[in-house]
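Take a look at the letters that make up each chain.
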Amino acid sequence: THQIGGCCTEIEYLSTRILIDIGQPLPGYEQNKLQIEGVTKGNAKCDGIFLTHYHGDHIGELSNVVLQIPIYASSCTKEFIKAYKERIGRNYVCDIDSSRIITVSHGESVIIGDLKVRAIKADHSAAGAFMYLIEAGDKRILHTGDFRLHGRNSNRLISDICNLGKIDLLITEGTSIIRNNSTVWDEESVTARVYDCVKQYKYCFVIASSSNIDRVQSISEAVPRGKYFLMDEFQKKLLDMAVDYEGYVFEKPLVYGKNLEKKMETCGFVMLIRESNSNIYEEYVRKYPDDTCLIYSMWSGYLEYPRMKKLFGIAEKNKRIIHSSGHVVLDDLNEFINIIGPKKIVVIHTDTDDVDGLEQKKNIMSIKDGERFYL
């Protein structure tokens, strides 16, 4: 309840027991594996696990789950888990057979024992992310997972939550409740700032999360006609899945190959790279130091990792940090809560117990890890 990541929420009603997410702690937190009777050990005594999205701090303990327990998620979450498992193998944070995952769609309700669970499309830095509305008798719980109101789908999300009706308990993320709102850009701002770099520099390399499809779309929209938009085969595979399952649109992405090198040098390009394929970036920095720029579009904390720090340092003066958070900021969270009007609130996915900035403090329940709260 007081750490970012490592998410796992249990909801029980009459004879039915479900979990929302079952994630690993982020680096820097204690890495003890979950030991839950009937879920990760012993005979299966859980009716289902519902995944909000595919980030490791929400799915990383799935490989320890008893085989008989069904898992529910969006099609995009399922296919991304499959793609990363095929790419990384047993070392992937979610070492499971993706055929175990039962897909659900936005607006679809699953009747599972004594509970009714409805999937609601969220807005997060993960394609196909869900919130879940859980109905238990006459009680209604909304679990947000990770979300934001400054992304591309925020208007649609607000429209959806306006029609939810009574909410007895809101379980919400609070990643950014003590961060400075003034530094948060939306995805349109990311596009505009990347475009400024593309105008200034002939060759632009971008470090962004491969699975942050909204960010890739923002970058795609910043590439003008006449320049190439390049990436590796795995990134292109993820984009193709996002197009198929979530309806994304991209501006002619191409897989980098030696056959394109002459045209790339002549026309210029924007290229998505990662630490493992950064050699071409280093080559362009040596050959064209004044025409080459590096754009970093991820959480700034990763720049403290030695390999990333070294890569970002190669850029010297021609580098930019252009990023938009995947998490709701304080002002937007207050707006979200006021729209919903929940009777009670539990804040998770936060490393602080400082909720003074939340306007409905009187409705907030403080819960310890493992503590049972009766609604």
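Everything that follows concerns the structure shown earlier in this document.
Once a new chain begins, its residue numbering starts again from 1 and follows that chain's sequence as written. Note on the predicted model: pLDDT of at least 70 is required for a residue's local features to be given, and 80 or more for side-chain atom pairs to be given and counted; whole-chain, interface and lining totals, by contrast, use all residues. Where side-chain values are given, they derive from all heavy atoms of the structure, hydrogens and water being excluded.

Trainee: Break down the sheet that holds strand β13 (residues 253-255) for me, with residues and values.
Mentor: The pairing criterion for strands is at least two bridges between them, as found by DSSP. Where helices and strands are cited, they refer to DSSP runs of H or I of at least four residues and of E of at least two residues respectively, numbered from the N terminus. With respect to topology, six strands assemble into an open sheet ordered β13-β12-β14-β11-β15-β16, the strand pairing being parallel. The open sheet terminates on both sides in strands that have one partner only, identified here as β13 and β16 (319-321). Here the strands of the sheet are splayed against their neighbours by 25 degrees on average, with no regard to which way each runs. Bridging between strand β11 (residues 203-208) and strand β15 (residues 292-297) involves six bridges; their strand directions are parallel. Paired with V206 across the bridge in β15 is I295. Simply put, an axis is a line fit to the C-alpha atoms, just over the touching stretch for a helix, and the angle between two N-to-C directions goes from 0 to 180 degrees.

Trainee: Give me the lowdown on the packing of helix α2 (residues 75-88) against helix α6 (residues 233-246), citing residues and values where you can.
Mentor: Following both chains from N to C, one finds α2 and α6 inclined at 165 degrees, their axes separated by 10 Å at the closest point. It follows that α2 is roughly antiparallel to α6 by the angle criterion. At the point where α2 passes α6, the crossing takes the right-handed sense. Residues S75, C76, E79, F80, A83, Y84, E86 and R87 of α2 form the contact with α6, whose own contacting residues are F234, K237, L238, M241, A242, Y245 and E246. Grouping the amino acids of the contact of α2 with α6 by side-chain chemistry returns nine nonpolar, one polar and five charged. The scheme is simple: roughly parallel for angles under 35 degrees, roughly antiparallel for over 145, roughly perpendicular for 65 to 115, oblique for anything else. Left-handed describes a crossing in which the near helix is turned anticlockwise from the far one by less than a right angle; the clockwise case is right-handed. Whether two residues are in contact is decided by their heavy atoms: any pair within 4.5 Å suffices. Lys, Arg, Asp and Glu make up the charged group, whereas Ala, Val, Leu, Ile, Met, Phe, Trp, Tyr, Cys and Pro make up the nonpolar group; the residues left over, Gly among them, are polar.

Trainee: Outline the pairing of β15, listing residues and values.
Mentor: Relative accessibility decides the category of a residue: with a 1.4 Å probe and only protein chains considered, values under 20% of the type maximum give buried, values over 50% give exposed, and everything between is partly exposed. Counting buried positions over the six residues of β15 gives six, a clear majority of the element. Both faces of β15 are covered, namely the face carrying T292, L294 and Y296 and the face carrying C293, I295 and S297. Direction of pairing for β15 relative to β16: parallel, over a ladder of three bridges. By the bridge assignment for β16, Y296 is matched with I321. Clockwise travel from the first strand over the helix to the second, with the strands pointing away from the viewer, marks a crossover as right-handed. In this fold, β15 hands off to helix α9 (residues 306-314), which returns the chain to β16; that crossover is right-handed.

Trainee: So, helix α4 (residues 187-200): which residues are in play, and what are the values?
Mentor: What a helix is expected to span follows from its residue count: subtract one and scale by 1.5 Å. With 14 residues, α4 should reach 20 Å at 1.5 Å per residue; the first-to-last C-alpha distance of 20 Å fits that figure. Within α4 the residues assigned to the buried category are E187, S189, V190, T191, V194, C197 and V198. Contacts made by the buried residues of α4 are with β11, α5 (213-221), β14 (269-273), β15 and β16. Throughout this description, a polar contact denotes any pair of N or O atoms lying within 3.5 Å of each other; where both atoms belong to protein, one of them has to be capable of donating a hydrogen while the other can accept it, and for residues adjacent in sequence the pair is counted only when both atoms sit in side chains. Where α4 begins, one side-chain oxygen reaches toward the backbone nitrogen of E188, 3.3 Å away; that side chain belongs to D186.

Trainee: Mind laying out the pairing of strand β8 (residues 130-136), listing which residues take part and the relevant values?
Mentor: A large share of β8 lies buried, amounting to six of its seven residues. When strand β7 (residues 115-121) meets β8, the two strands line up antiparallel, connected through seven bridges. Residue K116 lies in a different strand from β8, and its bridge partner there is E135. Here β8 pairs with strand β9 (residues 139-143) via five bridges, running antiparallel. Its bridge partner being in β9, A136 is matched across the sheet by K139. A loop of two residues connects β8 with β9, the two strands running antiparallel in sequence, and G137 in this loop sits at a positive phi of about 60 degrees.

Trainee: Can you lay out the sheet that holds β8 for me, pointing to particular residues and giving the numbers?
Mentor: Read across the open sheet, the six strands follow the order β6-β7-β8-β9-β10-β17; overall the sheet is mixed. Whereas interior strands pair on both sides, the edge strands pair on one side only; in this sheet they are β6 (109-112) and β17 (344-348). Across this sheet, the average inter-strand angle for adjacent strands is 20 degrees, counted without regard to direction. On top of the sheet, helix α10 (residues 330-340) reaches β8, β9, β10 (169-173) and β17; it is set at about 165 degrees to β10, its chief contact.

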